[in-house]
Amino acid sequence: MKASTHIGSTKGGAPLPVLPAASSGTLGRHLARRLVEIGAHDVFSVPGDFNLTLLDHLIAEPGLNLIGCCNELNAGYAADGYARARGVGACVVTFTVGGLSVLNAIAGACSENLPVICIVGGPNSNDYGTNRILHHTIGLPDFTQELRCFQTVTCHQAVVNNLGDAHEQIDTAISTALKESKPVYISIGCNLPAIPHPTFARDPVPFFLAPKVSNQCGLEAAVEATAAFLNKAVKPVIVGGPKLRVAKAQQAFMEFADASGYPITVMPSAKGLVPEHHPHFIGTYWGAVSTTFCGEIVESADAYVFVGPIFNDYSSVGYSLLIKKEKAIVVQPNRVTIGDGPSFGWVFMADFLSALAKKLKKNSTAVENYHRIFVPHGIPLKSEKDEPLRVNILFKHIQEIISGDSAIIAETGDSWFNCQKLRLPENCGYEFQMQYGSIGWSVGATLGYAQGAKDKRVIACIGDGSFQVTAQDISTMIRCGQNTIIFLINNGGYTIEVEIHDGPYNVIKNWDYTGLVDAIHNGEGKCWTTKVRTEEDLTEAIAKATGVHKDSLCFIEVFVHKDDTSKELLEWGSRVSAANSRPPNPQ
């Protein structure tokens, strides 16, 4: 009997590949259904000969939207951004030339605890165990180079080169990504996706991840010891950290904050994870470059609760935080440490914070101290007519347009510091990549985040140096019909590098950025660009971007002086420079 065929069309109207009905029982169909089931409805890809058959099956899945990117690095960044918006992301590339190109983005996702499913179309299963040399490799009969690279930046690796255990390998990899909140690597032999196999005959078994449950004795002991420590403190404070996300503890964090009455602050990399409209929120704790009055309240406290922190040279401003270990309670996703000890393992953050909330005496002393010393933020000096635009004026106007329907993406650079000072309205999203700090991340991440959070209008702040790394995927944003507002801050170089250590290598070739985006747009899709040099220009541009062009991708090139930086970057840069240039210890 002749197999029936299924013919349909993609969202863009192109014909779907013709696949036999038996395809419902194939590896490719199983993987596609699993991605839909876990919430990765958009998959970012770059085609190559080893993954083409697999891409056919992903396109054929009705619930899946395959988004072709301009290069693998941006596909990986897009999966990172999508995971931030939706909880999981996925990308598909080809063997080695694609895999090693996406590797940097996967490393960034690993550093930020994001579950990204990185799928690679691998060699034909018959080539494994032979002495053959394949294209897309470095010319040795060794297919493990890519795998060995991914082992250091993923929590699980699956090389699928036979159908017998493919089902189990794929499900184990995906479930591990979700449980560990880290990227995983799945390589699938290029000849396998379309072959029917009995293990794929039925729908995938319903997905279930066993919840992590704290050790009850350890939990009780940790809560009792912490409550005793905090209840005798005079002016305790709370500092939220970036691991709140991976611990899924934001709600429990707010229970704890409400019950305690302590001031709420965040480390810079946790901005957006804690509601800033809360009456006890006092800003970002970032050592010498903290929100005004916030650093003083934290560092003068006699007890501080760090919830999910990452202490590195950037977040510690070159190791210059005035924090004493004996005063600190550090709550990590699965461990609580009080001062110099004791430390309680297998105690999960959300369980701990909820239980602790019930044991605390309310203490608002530090909040009251903050209100006593607080002086309202200075307002930027009014611009003179036709005066060149200043960065602080730009961000004053950005503050005025953000709402709960917005999300901010801040590129590595001075945008870190300027966006950090934005006061986020309730439900406003906020993302940046502080641990890995890869310049260019924001272009792909903006694409992915906007695709995953269609209820929000993304506002991306990107420096010219970073934009030059990954500019191409503005093309994909336009093709996907996104209405992001991109503020391209043109100051002629790598300003964050200048403030750490200057040199001629920090000056870049100036581009006609709006001209470039117009060329990429090429009359297809909705895109509007403009150049801004004064506050009057900026006001007019924002009015158009939020009015007549609200349904278009809006690209606003903002010209500012090369030395117009935030005061926080100047301070931070000098301290990080000092940390980088410490002489070797005597041997």
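Refer to the structure presented above.
Read on for a plain summary of the structure. All of these numbers come straight from a predicted model, not from anything done at the bench.

**Things to note about the packing of aromatic side chains**
The final tally for this structure, using the stated rule, is 19 aromatic pairs. Ring geometry for Y304 versus F306: centroids 5.9 Å apart, planes at 65 degrees, classification edge-to-face. You can call Y304 buried: its relative accessible area is 0%. Judged by its relative accessible area of 1%, F306 is buried. Aromatic side chains F467 and Y513 sit 5.9 Å apart centroid to centroid with 65 degrees between the ring planes, which places their arrangement in the edge-to-face category. With F467 in helix α16 (residues 464-470) and Y513 in helix α19 (residues 513-521), the pair connects residues that are 46 residues apart, well separated along the chain. With respect to class, F467 is no different from Y513; both count as buried. Members of the aromatic cluster, joined through ring pairs, are W286, Y314, W416, F417, Y430 and F432. One residue, K271, lies across the ring of Y430, its end atom 5.5 Å from the ring centre. Here the guanidinium or amino end of R533 rests over the ring plane of F559, the centre of that ring lying 4.1 Å away.

**As for the sheet that holds strand β4 (residues 65-68)**
One open sheet holds the six strands; their spatial order is β4-β3-β5-β6-β8-β7, and the pairing between them is parallel. Taken across any chain shown, the strands that pair with only one partner, and hence form the sheet edges, are β4 and β7 (156-160). Going across the sheet, the axis of each strand differs from the next one's by a mean of 20 degrees, ignoring polarity. Where strand β3 (residues 42-45) and β4 come together, four bridges link them in parallel fashion. Within β4, the position partnered with S45 by the bridge is G68. Across the sheet, helix α15 (residues 441-452) touches β3 and β4, and the angle it forms with β3 is around 160 degrees.

**Focus: unusual backbone geometry**
Here the amide bond leading from G341 into P342 is cis, since omega sits at 5 degrees, within 30 degrees of zero. Although it is not a glycine, V317 sits at a positive phi angle of roughly 55 degrees. When its relative accessible area of 0% is taken as the criterion, V317 is described as buried. We note that N522 has phi near 55 degrees; this positive angle belongs to a residue other than glycine. Counting through the fold element by element, N522 comes out in the loop between α19 and β20 (527-532).

Reading the values: the criteria
- Residues numbered from 1 in each chain as written.
- Predicted model: local features only at pLDDT ≥ 70, side-chain atom pairs only at ≥ 80, totals over all residues.
- Heavy atoms only, no water.
- Phe/Tyr/Trp six-rings, centres within 6.5 Å; stacked < 30°, edge-to-face > 60°.
- Buried < 20%, exposed > 50% of the residue type's maximum accessible area, 1.4 Å probe, protein only.
- Helix = DSSP H or I, 4+ residues; strand = E, 2+ residues; numbered from the N terminus.
- Lys NZ or Arg CZ within 6 Å of the ring centre and 35° of its normal.
- Pairing = 2+ DSSP bridges.
- Axes fitted to C-alpha atoms, helices over the stretch in contact; angles between N-to-C directions.
- Contact = heavy atoms within 4.5 Å.

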